[in-house]
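Per-entry structural report
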Amino acid sequence: MNRLTVEDAVRACNGTLLKGDRKQYITGACIDSRILEKGELFAAVRGENTDGHRFVGQVSAKGASAVLISDETYADDAECAVILCGDTTKALQDIAECYRNMMDIRIIGVTGSVGKTSTADLVKAVCSVKYRTAKTKGNFNNHLGLPITLLSFDPDTQIGVLEMGMDKPGEIDFLADLARPDIGIITNVGIAHIETLGTRENIFRAKMEITDFFGPDNVLVVNGNDEYLSQLCDTPYRLDKVGSNGGCRYYLYDIEDRGEGGIEFTFEYDEKTVRVSLPVYGRHNAMNASLAIAAGIELGIDPLDAAEGLAKTKLTDKRLSIKGRNGIKIIDDSYNASPESMKAALDVLAATKGLRKIAVLGDMFELGSLTEESHLEVGEYAASKDIDILVAIGKEAFGIAKGAKGLGDVRYFTDKEAFYPVMEDLICSGDVVLVKGSNGMHMDRIVKKILER
């Protein structure tokens, strides 16, 4: 397979090569000078807080194959190839699209309000049993992250799994146009980002943009239990529903939550059944894994083989990963939060063995007019579970504390700094502690503090 060259990049973005070797290979792309690896293309993107052009000399010294600039005055800072373009962000996207078209690859796009990253991890586990598979790094799922992910794929990659995120209409349409997925997966339609999209109907429409470039040979795999996705029918592309209700092509049932031991469930297709054992936490991941199996079937992967792949799944960090120190178990789900994912995480806490079960929950953002109601709802749900202590942190999390009034021990703190002194005495050996909140709450710092004790 052909690897991308500087010449390919120049042609793709309609740029000008100011200096350097046209035949130089590009092995990836980066916009952060701190993590650039030798051989990668550095795109000097101007952001709110910094200008990537300032680091052209630094990345050149680190071994960048080329730098992409929009300001010619920085060309002399680089010893590597220098490509001048009008807009470095647009150029990066054009280069990624070019590379995608060069490869003999099938793309699986994954979107949804909750569970995108975990589902992408599960899809990779399934596809890897038969194909050379690569997937989105971390949360690289936007207009910059997705092209960087595409450019990170080895030329012989057969299956690419791309997570597609959004917080406004049109964003997934843009990503779908760039990646042109062969198979789309939608995990669910929740209320994450409802502050900017207004209604769940609008969120549904935005998620459905993943099909904007679909034809008769494309496949959309959806959660058939979802209120909105279950209504899909008569599509101009192939549609596979996965669920426990009538009208689904694939069924899952008999879910067994074994806490730290993971989950088991039965997957049924064409009157055949497969018992799947998954080394990840949470009943909700039975649906995510079933969506992954369904996508695998479309790629010719036998469900029995898919189950073997799923048994080796490793989820991206900060997504329901259990860590431990000094006899304390930490369920680190600190990456992000919505009402749906909060409830799922509380289920995992309730199913995990420990002397005491402590939930440390932060604010959930971007819920608009549903903010107060959603926080109260999460608190009420926590009070219905087998939880000993609930700690609510943040302005909006007061609603969680208020909703959890039926739970015996509820603590409220305006911020993490107020909680830290209390944390030292509150959390003891034998406890299992869930830490979760929206990304902007930086709840991972609480995880770090506990691990450093």
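The present account deals with the structure reproduced in this document. (Residues numbered from 1 in each chain as written. Predicted model: local features only at pLDDT ≥ 70, side-chain atom pairs only at ≥ 80, totals over all residues. Heavy atoms only, no water.)

Evaluated as defined, the whole model comprises six aromatic pairs. On the basis of an interplanar angle of 80 degrees and a centroid distance of 5.4 Å, the ring pair of F398 and Y412 is categorised as edge-to-face. Of this pair, F398 sits in helix α13 (residues 398–403) while Y412 sits in strand β19 (residues 409–413), and the two are 14 residues apart along the sequence. With a relative accessible area of 30%, Y412 lands in the partly exposed category. Feature note: the residues Y250, F267 and Y269 constitute an aromatic cluster, connected by ring pairs. One residue, K449, lies across the ring of Y420, its end atom 4.8 Å from the ring centre. (Phe/Tyr/Trp six-rings, centres within 6.5 Å; stacked < 30°, edge-to-face > 60°. Helix = DSSP H or I, 4+ residues; strand = E, 2+ residues; numbered from the N terminus. Buried < 20%, exposed > 50% of the residue type's maximum accessible area, 1.4 Å probe, protein only. Lys NZ or Arg CZ within 6 Å of the ring centre and 35° of its normal.)

In this section: the packing of helix α3 (residues 88–102) against helix α6 (residues 171–179). Between α3 and α6, the shortest axis-to-axis distance is 8 Å and the interhelical angle comes to 45 degrees. On the basis of their axis angle, the class for α3 and α6 is oblique. Residues Q93, E97 and R100 of α3 touch α6, and the partners they reach there are F174, D177, L178 and A179. Residue composition of the contact of α3 with α6, by class: three nonpolar, one polar and three charged. (Axes fitted to C-alpha atoms, helices over the stretch in contact; angles between N-to-C directions. Parallel < 35°, antiparallel > 145°, perpendicular 65-115°, else oblique. Contact = heavy atoms within 4.5 Å. Nonpolar A, V, L, I, M, F, W, Y, C, P; charged D, E, K, R; others polar.)

Attention now moves to helix α9 (residues 285–298). Here α9 is 14 residues long and its end C-alpha atoms lie 20 Å apart, about the 20 Å a rise of 1.5 Å per residue gives. α9 sits mainly inside the fold: 14 of its 14 residues count as buried. At the exit of α9 stands G300, carrying a positive phi of roughly 85 degrees. (Expected span 1.5 Å × (residues − 1).)

Counting 80 residues, the largest nonpolar core has L68, I83, L220 and L361 as its most contacted members. Not counting residues up to four positions away in its chain, the partners in contact with I83 are V6, A9, V10, C13, G15, T16, L17, A66, V67, L68 and I69. With 40 residues, the next largest nonpolar core counts I159, V274, L291 and A294 among its residues. (Core = buried A, V, L, I, M, F, W, Y, C linked by side-chain atoms within 4.5 Å.)

Bringing the pattern of salt bridges into the picture now. Tallying each qualifying case throughout the model produces 30 salt bridges. A salt bridge links K343 to E377; the shortest N-O distance between them is 2.4 Å. Note that K343 is positioned in helix α11 (residues 339–351) and E377 in helix α12 (residues 371–383), a separation of 34 residues in sequence. The partner of K357 in a salt bridge is D386, with the nearest N and O atoms 3.8 Å apart. Of the two residues, K357 is situated in strand β17 (residues 356–362) and D386 in the loop between α12 and β18 (389–393); the sequence distance between them amounts to 29 residues. Of the residues examined, K357 reaches a relative accessible area of 9% and is grouped as buried. Several salt bridges share partner residues, and in doing so they unite D254, E256, R258, E264 and R275 into one network. (Salt bridge = Lys/Arg side-chain N within 4 Å of Asp/Glu carboxyl O.)

This part covers the packing of helix α1 (residues 6–13) against α3. Viewed as axis vectors pointing N to C, α1 and α3 meet at an angle of 120 degrees, and their least axial separation amounts to 8 Å. Of the two elements, α1 crosses α3, and the hand of that crossing is right-handed. Between α1 and α3, the residues in contact are D8, A9, A12 and C13 and A91, D94, I95, C98 and M102, respectively. Counted by class, the contact of α1 with α3 contains seven nonpolar, no polar and two charged residues. (Left-handed = near helix turned anticlockwise from the far one by under 90°.)

Moving on, we come to the environment of A397. Along the chain, A397 falls in the loop between β18 and α13. Spatially, the C-alpha atom of A397 lies 9.8 Å from that of D415, the residues being 18 residues apart in sequence.

With that settled, the discussion passes to the pairing of strand β9 (residues 183–186). Residues I183 and I185 of β9 are buried on one face, and the alternating residues G184 and I186, pointing to the opposite face, are buried as well. Summarising the sheet, β9 and strand β10 (residues 219–223) pair through four bridges and their orientation is parallel. Paired with I186 across the bridge in β10 is V222. (Pairing = 2+ DSSP bridges.)

With respect to burial, helix α5 (residues 145–152) is a largely interior element, seven of its eight residues being buried. Buried residues of α5: G145, L146, P147, I148, T149, L150 and L151, and no others. Elements that come into contact with the buried residues of α5 comprise β2 (28–30), α3, β6 (106–111), β7 (133–135), β8 (159–163) and α6.

One open sheet holds the nine strands; their spatial order is β7-β8-β6-β9-β10-β11-β12-β13-β14, and the pairing between them is mixed. Two strands in the sheet have a free side with no partner beyond their single neighbour: β7 and β14 (272–278). Within this sheet the neighbouring strands show an average axis-to-axis angle of 20 degrees, counted without direction. Bridge count for strand β12 (residues 250–257) against strand β13 (residues 263–269) is five bridges, and the pairing is antiparallel.

Turning to the state of the cysteines, a few remarks are in order. Evaluation of the coordinates by the stated rule reveals zero disulfides. Here C80 is not disulfide-linked; the sulfur of C30 is the nearest cysteine sulfur, at 13 Å. Judged by relative accessible area, which is 9%, C80 ranks as buried. Cysteine C233 shares no disulfide, and the gap to the nearest cysteine sulfur, in C248, comes to 13 Å. Taking the relative accessible area as the measure of exposure, C233 reaches 52% and is therefore exposed. (Disulfide = S-S within 2.5 Å.)

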